[in-house]
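A closer look at the structure
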Amino acid sequence: MTAQLAQPGEIASGSLYVEVQQFYARHMHLLDSGQADEWAQTFAEDGTFDAPTMPEPVRGRAAIAAGVAKATKERAAAGEIQRHWHGMVDVRPRPDGALDVRCYALVFSTFKGQESRLHRVCVCEDVLVRVDGRLMVSTRRVTRDDL
Amino acid sequence: MTAQLAQPGEIASGSLYVEVQQFYARHMHLLDSGQADEWAQTFAEDGTFDAPTMPEPVRGRAAIAAGVAKATKERAAAGEIQRHWHGMVDVRPRPDGALDVRCYALVFSTFKGQESRLHRVCVCEDVLVRVDGRLMVSTRRVTRDDL
Amino acid sequence: MTAQLAQPGEIASGSLYVEVQQFYARHMHLLDSGQADEWAQTFAEDGTFDAPTMPEPVRGRAAIAAGVAKATKERAAAGEIQRHWHGMVDVRPRPDGALDVRCYALVFSTFKGQESRLHRVCVCEDVLVRVDGRLMVSTRRVTRDDL
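Predicted model, so just to flag it, every value in this text is computed and none were measured.

Some details on the nonpolar core
Counting residues in each nonpolar core, the largest one holds 120 residues, and the members touching the most others are Val20(A), Leu128(A), Val20(B), Leu128(B), Val20(C) and Leu128(C). Not counting residues up to four positions away in its chain, the partners in contact with Leu128(C) are Val20(C), Phe23(C), Tyr24(C), Ala98(C), Leu99(C), Val101(C), Leu135(C), Met136(C), Val137(C) and Ser138(C).

Next up, the structure:
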């Protein structure tokens, strides 16, 4: 998606924009706390996650949770903490209520006893949907600036 | 506090969430500008501040202001500017109106004439209260990822 | 502008504050995507941009677009991607509806195949105005912490 100026009708309301910010805060706290199953619940049942280091997109909560659980275990063993930050969040509602979100994503990494460092600078493109009143990630595509 | 999915009633309204964001912006501008007394006024009268490098939590505005004034003086003498960033802000209102806030906090450091650098990656857990219509920090607990 | 505590009447409404956040997101996506003309359209017709490396402020959309187009071309040739982040955004409405905004601004830089890095830590002071219903930058002044 190329960045564009806002078109009429493509502006999220204040409360909807805030809901997206709040959603991402808890979403990333769960991820960085290693709560793999709870994190996977913030994806739609058949949600997909596509990142440049994956040979193909991961599909479905079980697969998403399994991937995160594995990565969490490896980081814990290495004494590493990661923090994922979303920022510069652009929210564009679709007529059907789904949200196209494009934002920047930083990953910070810290090994116990060592200096914290910037690990990755990424762009995250999500489609968020509402299921039973809650926002969830339907599709996620992450690109890394260094690749 | 372990990260959790939102429970009913634990969602801040859009305007309240924005108020917290706006509060943190001014709060950190005051801190980084070295306005120790003004910064201390954004804590409740008996507010507390607990950080890993402190032997015990600092309590009350006078003590909070004194600590910041000292640190500000030392940084000024060294030609250092710090910038504190809060992000991924999760706001959970309590029934009594106080707010449990958990967010990530970055500290950037720049010495005149040198490259800016990431200094710290932290987690900040605040309880915010409303006093005379204004949000203030009642308790703050900061943890550093590197410790 | 020295950071100050909020004065009565100096608080942006929730929807206005969100509009500023949303504005900056698209504004920076346009900049970092190299869409110089579209980016210049987010400045007022006679908007000004003042940065420490400029001998004098740039004035007007054409000049602003030209400067960005040149920088974009140079970065593309060098294989560099930049990401501009605004954060800790303080919005103070003026009686006439213009907005005084003071925020922190980070610039991240990534060269293909290399580690991403923090490039700059800045403070950005904007005056935003509404033209035909849309927010635009009337004046921008950026200061760098390292200079």
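Still to come is the rest of the account.
Observations regarding the interface of chain C and chain A
On the side of chain A, 34 residues touch chain C, which itself brings 30 residues to the contact. Of the roughly 2600 Å² buried at the junction of chain C and chain A (both faces included), carbon and sulfur atoms supply 58%. For the chain C face of the interface with chain A, the top three residues by lost area are Arg26(C), His29(C) and Trp85(C), together amounting to 29%. On the surface where chain C and chain A come into contact, there are three salt bridges. Where Arg26(C) meets Asp90(A), a salt bridge forms, and the shortest distance between an N and an O atom there is 2.5 Å. Counting every contact that joins chain C to chain A gives twelve residue pairs in polar contact (both at pLDDT 80 or more). Among the elements that take part in the side of chain C that touches chain A, helix 1 (residues 14-32) of chain C stands out by supplying ten residues, more than any other. When the residues that make up the side of chain C that touches chain A are grouped by side-chain class, the tally is nine nonpolar, 13 polar and eight charged.

A few points about the relation of the copies chain C and chain B
Superposing chain C onto chain B takes a rotation of 120° plus a shift of 0.0 Å along the axis, which leaves an RMSD of 0.0 Å. The superposition operator between the copies reduces to a three-fold rotation axis. By C-alpha distance to the rotation axis, the residue of chain C lying nearest is Gly14(C), at 3.8 Å. By residue overlap, the copies meet through two different surfaces: only 18% of the interface positions of chain C are interface positions in chain B.

With respect to unusual backbone geometry
In this structure, Asp132(A) is a non-glycine residue whose phi angle is positive, near 50°. Of note, Asp132(A) is situated in the loop between strand 5 (117-131) and strand 6 (134-144). For Met88(C), which is not a glycine, the phi torsion comes out positive at approximately 50°. Structurally, the position occupied by Met88(C) is in strand 3 (residues 80-93).

A look at the relation of the copies chain C and chain A
After a rotation of 120° and a shift along the axis of 0.0 Å, chain C superposes on chain A with an RMSD of 0.0 Å. The two copies present different faces, since only 20% of the interface residues in chain C are matched by interface residues at the equivalent positions in chain A.

So, the pattern of salt bridges
Taken as a whole and judged by the stated rule, the model has 39 salt bridges over all chains. Arg102(A) is the partner of Glu125(A) in a salt bridge, and the nearest nitrogen-oxygen pair spans 3.5 Å. Of this pair, Glu125(A) sits in strand 5 while Arg102(A) is found in strand 4 (residues 99-111), placing the two residues 23 residues apart along the sequence. Residues participating in the shared-partner salt-bridge network are Arg26(A), Asp90(B) and Arg92(B).

Here's the deal with the sheet that holds strand 5 of chain A
Residue and element names in this part refer to chain A. Strand order across the open sheet formed by six strands is 2-1-6-5-4-3, with mixed pairing between neighbours. Among the strands making up the open sheet, the edge pair consists of strand 2 (58-59) and strand 3 (80-93). By the bridge criterion, ten bridges tie strand 5 to strand 6 in an arrangement that is antiparallel. Paired with Cys-122 across the bridge in strand 6 is Arg-144.

Details of the pairing of strand 3 (residues 80-93) of chain B
All names here are of chain B. Counted residue by residue, strand 3 has twelve buried out of 14 residues, so it is predominantly covered. Looking at chain direction, strand 3 and strand 4 (residues 99-111) are connected through twelve bridges and run antiparallel. Bridged to Pro-93 within strand 4 is Leu-99. Here strand 3 folds back onto strand 4 in antiparallel fashion, the turn holding five residues, of which Gly-97 has a positive phi close to 95°.

Here is what the cut-offs are and how they apply
- Residues numbered from 1 in each chain as written.
- Chains lettered and ligands numbered in written order.
- Predicted model: local features only at pLDDT ≥ 70, side-chain atom pairs only at ≥ 80, totals over all residues.
- Heavy atoms only, no water.
- Core = buried A, V, L, I, M, F, W, Y, C linked by side-chain atoms within 4.5 Å.
- Buried < 20%, exposed > 50% of the residue type's maximum accessible area, 1.4 Å probe, protein only.
- Contact = heavy atoms within 4.5 Å.
- Buried area = accessible area lost by both parts, 1.4 Å probe.
- Salt bridge = Lys/Arg side-chain N within 4 Å of Asp/Glu carboxyl O.
- Polar contact = N/O pair within 3.5 Å; in protein donor to acceptor, adjacent residues only side chain to side chain.
- Helix = DSSP H or I, 4+ residues; strand = E, 2+ residues; numbered from the N terminus.
- Nonpolar A, V, L, I, M, F, W, Y, C, P; charged D, E, K, R; others polar.
- Least-squares fit on C-alpha atoms with pLDDT ≥ 70 in both.
- Pairing = 2+ DSSP bridges.

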